[in-house]
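# Examination of the molecular architecture
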Amino acid sequence: MRRLFFLALSGVVSFMVVTSGQAPASRIAADDRTPKLIVLLTVDQMRADYIDKFHQQWSHGLRRLVTEGAWFRQADYPYFNTVTCVGHSSISTGTVPSVHGMILNQWWDRGAGKQITCTDDDRATIISYGKPVKAQGESAVRMLAPALADELRAQQSPAGKTIAFSLKARSTVTLGGHRSDALAWFDDSGAWVTSTAYSKGPVPEVADFITRNPVEKDFDKVWDRALPKSAYLYEDPAIGVHAANGMTPSFPHALATAGSREPDQAFYDHWQSSPFADEYLAKMALDVVDHMKLATAGGRTNMVAVSFSSLDKVGHDYGPNSHEIQDILIRLDRTLGDFFAGLDRLVGPGRYTVALTADHGVAPIPERAQAQGLDAGRVGTATVTSAAEHVLAKAFGPGPWVNRIIFTELYLRQGAYEKLRGEPGVLAEVRAAIAAVPGVLTTYTRDELASNQFLGDPIGRQLVRGYYPERSGDFAVVLKPYWMLQVDGTTHGTGYGYDTHVPLLLMGSGIAKGEYLAPASPTDVAPTLAFLAGITLARAQGRALTEALAPITSKK
Ligand SMILES: [Zn+2]
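First, a word on scope: everything that follows refers to the structure included in this document.

Definitions and cut-offs
Residues numbered from 1 in each chain as written. Predicted model: local features only at pLDDT ≥ 70, side-chain atom pairs only at ≥ 80, totals over all residues. Heavy atoms only, no water. Helix = DSSP H or I, 4+ residues; strand = E, 2+ residues; numbered from the N terminus. Rg over C-alpha atoms; globule rule 2.2 N^0.38 Å. Buried < 20%, exposed > 50% of the residue type's maximum accessible area, 1.4 Å probe, protein only. Contact = heavy atoms within 4.5 Å. Areas by Shrake-Rupley, 256 points an atom, 1.4 Å probe, with all protein chains shown as cover. Donors = N, O, S within 2.8 Å, 3.2 Å for Na, K, Ca; no water. Tetrahedral: all angles 85-135°; square planar, octahedral: opposite > 155°, others 65-115°. Phe/Tyr/Trp six-rings, centres within 6.5 Å; stacked < 30°, edge-to-face > 60°. 1 Å grid on protein atoms, 1.4 Å probe; cavity = no way out; pocket = protein on both sides within 12 Å on 5 of 7 lines; lining within 4 Å. Points joined across faces, edges and corners; volume = space filled by probe spheres on them. Nonpolar A, V, L, I, M, F, W, Y, C, P; charged D, E, K, R; others polar. Lys, Arg positive; Asp, Glu negative; His and termini not counted. Salt bridge = Lys/Arg side-chain N within 4 Å of Asp/Glu carboxyl O. Polar contact = N/O pair within 3.5 Å; in protein donor to acceptor, adjacent residues only side chain to side chain. Pairing = 2+ DSSP bridges. Core = buried A, V, L, I, M, F, W, Y, C linked by side-chain atoms within 4.5 Å. Axes fitted to C-alpha atoms, helices over the stretch in contact; angles between N-to-C directions.

## What about the overall build of the protein chain?
- Within the protein chain, the regular secondary structure consists of 21 helices and 21 strands.
- Computed over C-alpha atoms, the radius of gyration of the protein chain comes to 24 Å, within 12% of the 24 Å expected from 2.2 N^0.38 for 556 residues, which places it in the range of a compact globule.
- Its C-alpha atoms give the protein chain principal-axis dimensions of roughly 75 × 60 × 50 Å.
- Among the 556 residues that make up the protein chain, the fraction classed as buried is 58%.
- Intrachain contacts of the protein chain at a sequence separation of at least 6 include 76% that bridge at least 24 residues.
- Within the structure as shown, the protein chain displays about 21400 Å² of accessible surface, and the carbon and sulfur contribution to it stands at 55%.

Have a look at this one:
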């Protein structure tokens, strides 16, 4: 506490010293904190404690962020459903899911009577940069708050240019917002794509990069450790590893399946679960920044957003204690080193602002947690469903009464919840039956979440921040820590520390380097960047991280 006070006080003193000799008008005109380019980076599934545990393995870009940037060590998501679409939307809008409406990656659309994905848009169609792709059109139409990217375009004159890249549509689209100058994500079938929501056809600068750099060039690559084996923590192979799609359970990992002569589905899967995909994304982003001339801002602030997806794909299969996730980060450290060197060249050192965070963390693989003596395990979705079904059938007659469980949201058949409201005894029995399933902590009803009376109940408060009445389930099923509705490997998606606690690093234009221990949230990223760019977010719930802003130092 004393240290924090000192930090806060020294910030005030230095600000006063620097500004006291200057006329107010010149202060306003000379805000040299304003970046030419915002560089918004997310590392999918990166836990905050990966920095604490693995930073000695890094010497390039990640190291640079930690040593030259503002390092917020107490950044947490304030809500429960910590999954990709939710996290990226919260980073991008500075709001929580009860406002931006992206409550999960998928939910039940009561109006349409079907399960939808957060980025589904029937009015949009997919544009492929390669082979023809048959897929649902995607956009941010279901994201009910403007993204930072939207405001950079709308509020500046000339409008800011914004581009976004990731392997995943839900990461690209949410970071890019409702319109953008160039978005691209990777369809699992093996093609870069975008959507008619963003451009009428392929964006020439993106198409040009993809033509010059076919993913298939990586076909013969083998992913092996970048450092000597002794530099890695924990056991190998990882305990409970679930290598998917024919990946080997430990190093080395050849991208091509033995005997396969040309790029096939297995290659595209393996490539996405390798550090080569992160390298590709960074190179593509830098190249498009260059060719779309985002570095020459002309008085405005432009934005490039990249979400690095491979850590998530590898983390689900190999877990947070694996050599694989350590190696993804060692490679990402190098990739970001090159990326920042490229931005220094294009934009100029200190002329751009980087923000790096994650959309969620991850739980340890339950089998490993159990081996360490922790109360951990797996809960079968069918076990939860049949516990509820049994009670409902007894009270109301033959079912099925449960429509489905999507993640931890349980949706009843149309009208069934309303029926339960009139039968408090049956409702209590349903909840007791679900709570009796091993690994389940408790349930919350939609009425409880709507009434929002959670003084002294931190989980209730977390759930409310993720509750959107038209989209959320009739029950939220809350598991105990280290338990998951996942049949193999591991996952994320709870309000527990291993899922909510993520890195938050800022670096470059306008940022005062240092270690910051005050509580922060990824919802603070957009308000901080908006402040630096001189624009206003309509409904941000996060705060500008003012303690990490450098004082204004020069006149222009
Ligand atoms: Zn994710």
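## Focus on the coordination of the zinc ion
- Listed as protein donors to the zinc ion are Asp44 (OD), Thr84 (OG1), Asp359 (OD) and His360 (NE2); their distances from the metal cover 2.0 to 2.2 Å.
- Angles of 97 to 136° at the metal separate the four donor atoms of the zinc ion, which places the site in the irregular class.
- Between the donor residues of the zinc ion, the gaps in sequence give the motif D-x39-T-x274-D-H. Note that Asp44 is positioned in the loop between β1 (37-43) and α3 (49-54) and Asp359 in the loop between β13 (352-357) and α14 (366-371), a separation of 315 residues in sequence. There is no split in this pair, since Asp44 and Asp359 are both buried.

## Quick notes on the packing of aromatic side chains
- Across all of its chains, the model carries 20 aromatic pairs by this definition.
- Taken together, a centroid distance of 5.2 Å and an interplanar angle of 55° make the contact between Tyr77 and Tyr79 tilted.
- Its relative accessible area of 0% is what places Tyr79 among the buried residues.
- Relative to Tyr280, the ring of Trp192 lies with its centre 5.2 Å away and its plane at 10°, an arrangement referred to as stacked. Taken together, the positions of Trp192 in strand β9 (residues 191-195) and Tyr280 in helix α11 (residues 275-291) put the pair 88 residues apart, joining distant regions of the chain.

## Observations concerning unusual backbone geometry
- Look at the link from Asp236 to Pro237: it is a cis peptide, with omega at -5°.
- Tracing the backbone through its elements, the reader meets Pro237 in the loop between β10 (222-223) and β11 (253-254).
- Cis rather than trans, the peptide bond between Phe251 and Pro252 has omega equal to -5°.
- For Gln45, which is not glycine, the phi torsion reads 80° and is therefore positive.

## Concerning the layout of surface pockets
- Taken as a whole, the largest pocket holds about 560 Å³ of empty space.
- If you go around the largest pocket, you meet 24 residues; those closest to its centre are Lys168, Arg170, Asp312, His316 and Gln486.
- Top contributing element to the lining of the largest pocket by residue count: helix α12 (residues 310-318), with four residues.
- Residues belonging to the lining of the largest pocket are distributed by class as follows: six nonpolar, 11 polar and seven charged.

## Overview of the side chain of Asp359
- Although Asp359 lies buried, it forms no salt bridge, and the closest oppositely charged side chain, Lys168, sits 5.3 Å away as judged by the N-O distance.
- At 3.2 Å, the side chain of Asp359 and the side chain of Thr84 are in polar contact.
- Engagement of the side chain of Asp359 in a polar contact is seen with the side chain of His360, the distance being 3.1 Å.
- Dropping the residues within four chain positions of it, Asp359 is found in contact with Val43, Asp44, Gln45, Tyr77, Val83, Thr84, Gly87, His88 and Ile91.

## Some words on the side chain of Asp218
- Mapped onto the elements, Asp218 comes out in the loop between α9 (204-212) and β10.
- Looking at Asp218, its side chain comes within polar contact range of the side chain of Lys221, at 2.9 Å.

## Side note on the pattern of salt bridges
- For the structure on display, the rule yields 24 salt bridges.
- For Glu367, the salt bridge is made with Arg378, and the minimal N-O distance between the two is 2.8 Å. Highlighted residues: Glu367 in helix α14 and Arg378 in strand β14 (residues 377-378), separated in sequence by 11 residues.
- A salt bridge links Asp447 to Arg421, with the shortest nitrogen-to-oxygen separation between them at 2.8 Å.

## Points about the pairing of strand β4 (residues 114-117)
- Pairing of strand β3 (residues 106-109) with β4 involves four bridges; the strand directions are antiparallel. Directly across from Gln106, in β4, lies its bridge partner Thr117.

## Comments concerning the nonpolar core
- Of all hydrophobic cores here, the largest spans 130 residues; its most connected members are Trp192, Trp271 and Met284.
- Ranked by residue count, the leading element in this core is α11, at 10 residues.
- Sequence-distant contacts of Trp271, defined by excluding residues within four places in its chain, comprise Leu167, Phe186, Trp192, Val215, Asp218, Leu255, Phe276, Ala277 and Tyr280.

## A word on the sheet that holds strand β18 (residues 475-479)
- Pairing within the open sheet is antiparallel, and its four strands lie in the order β15-β16-β18-β17. The strands lining the two open edges of the sheet, one partner per strand, are β15 (402-406) and β17 (440-445). Taken pair by pair, the neighbouring strands of this sheet meet at an average axis angle of 25°, ignoring direction.
- Of the pairings in the sheet, the one linking β17 to β18 comprises five bridges and is antiparallel in character. Bridge pairing in β18 places Thr445 opposite Phe475.
- On top of the sheet, helix α17 (residues 424-435) reaches β16 (409-412), β17 and β18; it is set at about 150° to β17, its chief contact.

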